[in-house]
Amino acid sequence: MALSSSTLLGTRATIASAGTSVTPATALPDNCHTMILLNRSSSATILVSAGSAGGTIADNGSQLATIPASASMTLAVGVLAERVTSLDNLIFDSSSGAANVDITYLCASGHHSG
């Protein structure tokens, strides 16, 4: 992924229906260190995992994170050089129906991602 020239970068993951995981419209840039995830749904839980988009993310404890309806969470992931994995394969799914996840990346300007 490329570097972001912005300190804040917003994107969205639009889930058409439960069981159809998606990637965000903009992948996590190399120099971004924090993700703020907002579940816009008032009824569905958002499941976060790593893998290939299109399938179901099982709600069985193996997912990376769960975001309750109308809730948000912050993930401190580090810039690319500090990550254990690149996280370029993050996917999002809904527990029921369509849902949107608003994503804000916080990025380090002028930071070399390595």
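Coordinates for the structure precede this section.
As a starting point, this report considers the structure included with it.

### Some remarks on the overall build of the chain
- A count of helices and strands for the chain gives 0 helices and 7 strands.
- In sequence order, the chain lays out its α and β elements as β-β-β-β-β-β-β.
- Here the C-alpha radius of gyration of the chain, 14 Å, is about what a compact globule of 114 residues would show, namely 13 Å.
- Oriented by its inertia axes, the alpha-carbon framework of the chain measures out at about 40 × 25 × 20 Å.
- In the chain, the share of contacts with a sequence separation of at least 24, taken over all contacts with a separation of at least 6, comes to 82%.
- For the chain, the computed accessible surface area is about 5500 Å², with 52% contributed by carbon and sulfur atoms.

### What about the pairing of strand β2 (residues 32-39)?
- Alignment of β2 against strand β7 (residues 99-107), held across 7 bridges, turns out to be antiparallel. For L38, the partnering residue across the bridge sits in β7 and is D102.
- Where β2 lies against strand β5 (residues 72-76), 5 bridges are found, and the strand directions are antiparallel. In the sheet register, L38 faces β5, and the bridge partner there is S72.

### Quick word on the side chain of D93
- In this structure, D93 sits in strand β6 (residues 90-94).
- R12 provides the closest opposite charge to the buried, salt-bridge-free D93, at an N-O distance of 15 Å.
- Engagement of the side chain of D93 in a polar contact is seen with the backbone nitrogen of T20, the distance being 3.5 Å.

### Things to note about the sheet that holds strand β4 (residues 65-67)
- Pairing in this open sheet of 3 strands is antiparallel, and the strands run β4-β3-β6 from one edge to the other. What marks the edges here is a single partner per strand, and that holds for β4 and β6. Strand-to-strand twist across the sheet, computed as the mean angle between neighbouring axes with direction ignored, equals 25°.
- By the bridge criterion, 3 bridges tie strand β3 (residues 46-50) to β4 in an arrangement that is antiparallel. Looking at β4, one finds that I46 is bridged to I67.

### Structural notes on the sheet that holds β7
- Spatially, β1-β7-β2-β5 is the arrangement adopted by the 4 strands of the open sheet, whose pairing is antiparallel. Edge positions in the sheet fall to β1 (8-15) and β5, since each has one partner strand and no second. Mean inter-strand twist for the sheet, computed between neighbouring axes without regard to direction, equals 20°.

### Topic: the pattern of salt bridges
- Taken as a whole and judged by the stated rule, the model has 2 salt bridges.
- For the salt bridge of R12 with D102, the shortest nitrogen-to-oxygen distance reads 2.7 Å. Linking R12 in strand β1 with D102 in strand β7, this pair joins segments that are 90 residues apart in sequence.
- Between R40 and D102 there is a salt bridge whose closest N-O contact spans 3.5 Å. Linking R40 in the loop between β2 and β3 with D102 in strand β7, this pair joins segments that are 62 residues apart in sequence.
- When salt bridges with common partners are traced through the structure, they connect R12, R40 and D102 into a single cluster.

Basis of the calculations
Residues numbered from 1 in each chain as written. Predicted model: local features only at pLDDT ≥ 70, side-chain atom pairs only at ≥ 80, totals over all residues. Heavy atoms only, no water. Helix = DSSP H or I, 4+ residues; strand = E, 2+ residues; numbered from the N terminus. Rg over C-alpha atoms; globule rule 2.2 N^0.38 Å. Contact = heavy atoms within 4.5 Å. Areas by Shrake-Rupley, 256 points an atom, 1.4 Å probe, with all protein chains shown as cover. Pairing = 2+ DSSP bridges. Buried < 20%, exposed > 50% of the residue type's maximum accessible area, 1.4 Å probe, protein only. Lys, Arg positive; Asp, Glu negative; His and termini not counted. Salt bridge = Lys/Arg side-chain N within 4 Å of Asp/Glu carboxyl O. Polar contact = N/O pair within 3.5 Å; in protein donor to acceptor, adjacent residues only side chain to side chain. Axes fitted to C-alpha atoms, helices over the stretch in contact; angles between N-to-C directions.

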